[in-house]
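# Breakdown of the fold
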Amino acid sequence: MGIQGTHTARFGEIEQRGVALTPQGRALYDRLLSEAGSGQDNQQHQQHLAAIFRDFPDDETTLRQQELAWFPLSPE
């Protein structure tokens, strides 16, 4: 008996991080992305994105602890 479900991962999200975001993680990502807007030029935009996304954890431990991403369960 399989578990049925859906996901709304953006293209590359799973490939980039190796995990899909939980609803809380997706909400944080979307909020930061909307705050980032767009810059005058690519360099300015990239710098602004980097500053805005400092609030998004960049390591699996923190993503798991803050319940921002789904991780497979493994027996311990």
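Here is a short report on the structure shown in this document. (Residues numbered from 1 in each chain as written. Predicted model: local features only at pLDDT ≥ 70, side-chain atom pairs only at ≥ 80, totals over all residues. Heavy atoms only, no water.)

### Some details on the overall build of the chain
Summing up its helical and strand segments, the chain has four helices and zero strands in all. Taken from N to C terminus, the helices and strands of the chain fall in the order α-α-α-α. Surface accessibility of the chain: about 6300 Å² in total, with carbon and sulfur atoms responsible for 51%. (Helix = DSSP H or I, 4+ residues; strand = E, 2+ residues; numbered from the N terminus. Areas by Shrake-Rupley, 256 points an atom, 1.4 Å probe, with all protein chains shown as cover.)

### Describing the nonpolar core
Formed by 13 residues in total, the largest nonpolar core has its most connected members in L32, F53 and F56. Elements with a minimum of two residues in this core: α2 (23-36) and α3 (42-52). Per element, the largest residue contribution to this core is four residues, and it comes from α2. (Core = buried A, V, L, I, M, F, W, Y, C linked by side-chain atoms within 4.5 Å. Buried < 20%, exposed > 50% of the residue type's maximum accessible area, 1.4 Å probe, protein only.)

### Details of α3
The periodicity of an α-helix, 3.6 residues per turn, causes residues three or four places apart in sequence to face the same way. By the burial criterion, the buried members of α3 are H45, L49 and I52. The arc enclosing the buried residues of α3, seen along the axis, measures out at 65°, which places them on a common side. Across α3 from its buried face, at more than 90 degrees, point the exposed residues Q43 and Q47. Of the surrounding elements, those touching the buried residues of α3 are α2. (Arc of directions from axis to C-beta. Contact = heavy atoms within 4.5 Å.)

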